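Below are the chains, spelled out letter by letter.
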Amino acid sequence: MSTQETSTGFRRNPRQDWIARNRLHPLHGQGTVFPCVERGPTGLVRKNLHSIGFIGPGGLKRIDRSSVGSFVANAGRRVRPEEAVLEQLPLVKIENPDFYIMAVLDLVGGRLTEHDKDVLGQAHKLINAHSDKGAVLAVVFGESKEEAFDKAGVDRLIHFDQPNYQSYCPELQVAALQKVMSQWQARYCLFPDSIYGGRDLGSRLAAKLGEPVATQAWQVDKDLAISRGCGGREDLSRKTPRFILLAEECAHPIDETRHEVLPLTLESQVVTDPRIEDAGMLAVDPSKIPLGEAEFILSAGNGIHDWQQFHEAAAVLGATEGASRVAVDDGFMPRATQVGATGTWVTARVYVALGISGAVQHMQGIGQCEKVIAINTDAGCDMVKRADLSVIGDSQEILHELVELVKEHRRGESADVQ
């Protein structure tokens with residue numbers, strides 16, 4: 001609704017209201033708009049539900065399912081919600097902190113996992129429980145592609161990216177963490193209790209220093225740590241130790257502030273005598289990986305007609321095969337590959353849906369997937385609306401081009417090696 005200020009107060013401007021309802025009007029994008037995300041009077045970030053979507057030509061409001069924000073005033077350009085949030089999030093700077101909380105992150109694939117973000121959230125929760133000023137010191141090993149450490153709550157960052165940290169080297173990592181702890185005197189050491197390295201590394205470091213450790217901790221404050229025990233059937237309470245292996249969803253991730261992410265370096269070089277020699281990654285057939293544990297899934301639906309091409313594409317891409325219920329009921333795929341509430345709930349990092357319209361049960365089954373890519377001819381189907389990236393076109397042609405690009409890329413890598 002548009003208003004004008006008069007001597008008696010505010011009144012509506014019918015012409016501006018009409019322009020705002022008519023998105024085909026040449027002045028439609030030049031009116032005053034409110035951001036999709038704004039900071040409220042209490043300092044918390046809130047969504048402005050009135051600015052989500054747009055007013056159609058008939059005067060009806062439509063929800064913008066493409067995750068695109070409203071027009072920027074006087075620009076006619078659309079901005080993404082994350083850009084609007086970034087402009088409004090306050091920057092937190094911790095100068096001369098009284099203590100540090102060390103958070104050792106998994107960084108699977110070079111990027112923060114949801115588990116990592118929960119660990120950082122728990123670190124800030126512990127800092128807020130103390131009266132003195134603390135900072136979160138994040139430690140990562142190997143390759144890093146992450147660009148959002150600031151929005152995840154990292155105040156200080158130590159990145160061990162030397163070649164000897166790229167492979168499996170637990171002794172070297174433990175020695176590096178010992179130096180970090182002695183140099184910055186970390187009050188707590190937090191690890192994700194995960195199969196990606198956090199559990200093993202945290203247990204090794206605690207054993208090396210002879211200190212107790214809390215595992216599968218899901219509720220932690222400065223006095224008490226509650227952990228899951230007996231296969232998750234009971235809760236075990238204990239005084240909060242220095243070393244804590246945290247379960248998933250132990251705390252809310254940081255989403256209302258940005259942090260400085262100052263890089264730190266060790267004063268001396270880490271030297272250790274490795275007792276384990278890394279022989280490289282063991283090749284595993286993706287078809288042998290259980291669907292619930294697969295990180296990369298290529299899933300087929302009713303839109304697939306060349307099944308031989310689908311199987312070859314999954315082999316070339318190194319993906320685990322999945323299917324919709326329709327494809328399974330028609331006999332094209334085995335029942336064990338069915339994804340959805342009536343099949344297998346998957347948690348893949350990348351889920352590619354080929355010719356899947358997106359039934360309710362299927363959408364429930366992929367709810368925990370990090371990135372969903374939809375390839376479909378129907379631009380209005382639910383899977384396209386859910387996907388992070390959508391490709392509209394014939395799945396057979398797109399799959400053929402994708403496989404050729406992968407083969408070309410691998411031939412180029414082989415030529416470089418030779």
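None of these values were measured; they are calculated from a predicted model.

Q: I'm lost on the side chain of Glu146 in this one. Help?
A: Note on placement: Glu146 falls in the loop between strand S9 (134–141) and helix H4 (149–152). Look at Glu146: it is buried, it has no salt bridge, and the nearest opposite charge is Arg111 at 5.0 Å. Here the side chain of Glu146 touches Leu112 through a polar contact of 2.9 Å, landing on its backbone nitrogen. Residues contacting Glu146, with those up to four places away along its chain left out, are Gly110, Arg111 and Leu112.

Q: Looking at this structure, how should I read the sheet that holds strand S22 (residues 389–392)?
A: Sheets are built from strands paired through backbone hydrogen bonds, the pairs being either parallel or antiparallel. Within the open sheet, the five strands sit side by side as S19-S18-S20-S21-S22. Their pairing is parallel. Strands with a single pairing partner mark the edges of an open sheet, and in this sheet they are strand S19 (320–323) and S22. For this sheet, the mean inter-axis angle between neighbouring strands, taken without regard to orientation, is 20°. Bridge count between strand S18 (residues 296–300) and S19: four bridges; the pairing is parallel. The residue bridging Leu298 from the neighbouring strand is Glu321, located in S19. Together, S18, S19 and strand S20 (350–354) form the strand contacts of helix H7 (residues 307–317), whose direction differs from that of S18 by roughly 175°.

Q: Whenever I open this one, the confidence of the model for the protein chain confuses me. Can you help?
A: For any part of a model where pLDDT is low, the fine detail of the predicted coordinates should not be relied upon. Overall, the prediction assigns the protein chain a mean pLDDT of 83, with 80% of residues at 70 or greater. Every residue in residues 1–10 is under pLDDT 50, and counting partners more than four places away or in other chains gives 17 contacts. The low-confidence segment residues 66–79 (pLDDT under 50) makes 34 contacts with residues lying over four places distant or belonging to another chain.

Q: How should I be thinking about the side chain of Gln338 in this particular structure?
A: Topologically, Gln338 is positioned in the loop between helix H8 (325–329) and S20. Look at Gln338 and you get buried, because its relative accessible area is 2%. Only 2.8 Å separates the side chain of Gln338 from the side chain of Thr342, close enough to count as a polar contact.

Q: Help me out: how do you make sense of the pattern of salt bridges in this one?
A: Opposite charge on two side chains allows them to pair when their charged atoms are near. Tallying each qualifying case throughout the model produces nine salt bridges. Taking the shortest distance from any N to any O, the salt bridge between Glu114 and Lys117 comes out at 3.9 Å. With Glu114 and Lys117 both in helix H3 (residues 114–128), this residue pair falls three residues apart, about one helical turn. Notably, a salt bridge pairs Glu370 with Arg349, separated by 3.5 Å at the nearest N-O pair. Here Glu370 is found in the loop between helix H9 (360–365) and strand S21 (371–376), whereas its partner Arg349 is found in the loop between H8 and S20, with 21 residues between them in sequence. Connected through shared salt-bridge partners, Arg325, Asp329 and Arg335 make up one network.

Q: For this particular structure, what's the right way to read the pairing of S18?
A: In summary, the side chains of a regular strand alternate between the two faces of the sheet. The element S18 is largely enclosed, with a buried count of four among its five residues. By the bridge criterion, five bridges tie S18 to S20 in an arrangement that is parallel. Each residue of the ladder has a partner; that of Leu298, found in S20, is Val352. Following the backbone out of S18, through H7 and into the adjacent parallel S19, one traces a crossover that is right-handed.

Q: Would you explain the packing of aromatic side chains in this entry?
A: Aromatic rings in a pair are described by how distant their centres are and how their planes are angled relative to each other. Tallied over the entire structure, the rule returns five aromatic pairs. With a centroid separation of 5.1 Å and an interplanar angle of 40°, the aromatic rings of Phe160 and Tyr165 are classed as tilted. Joined through ring pairs, the aromatic side chains of Phe141, Phe160 and Tyr165 make up one cluster. A cation sits over an aromatic face here: Arg187 above Phe99, 3.8 Å from the ring centre.

Reading the values: the criteria
- Residues numbered from 1 in each chain as written.
- Predicted model: local features only at pLDDT ≥ 70, side-chain atom pairs only at ≥ 80, totals over all residues.
- Heavy atoms only, no water.
- Helix = DSSP H or I, 4+ residues; strand = E, 2+ residues; numbered from the N terminus.
- Buried < 20%, exposed > 50% of the residue type's maximum accessible area, 1.4 Å probe, protein only.
- Lys, Arg positive; Asp, Glu negative; His and termini not counted.
- Salt bridge = Lys/Arg side-chain N within 4 Å of Asp/Glu carboxyl O.
- Polar contact = N/O pair within 3.5 Å; in protein donor to acceptor, adjacent residues only side chain to side chain.
- Contact = heavy atoms within 4.5 Å.
- Pairing = 2+ DSSP bridges.
- Axes fitted to C-alpha atoms, helices over the stretch in contact; angles between N-to-C directions.
- pLDDT = per-residue confidence, 0-100.
- Right-handed = clockwise from strand over helix to strand, strands pointing away.
- Phe/Tyr/Trp six-rings, centres within 6.5 Å; stacked < 30°, edge-to-face > 60°.
- Lys NZ or Arg CZ within 6 Å of the ring centre and 35° of its normal.

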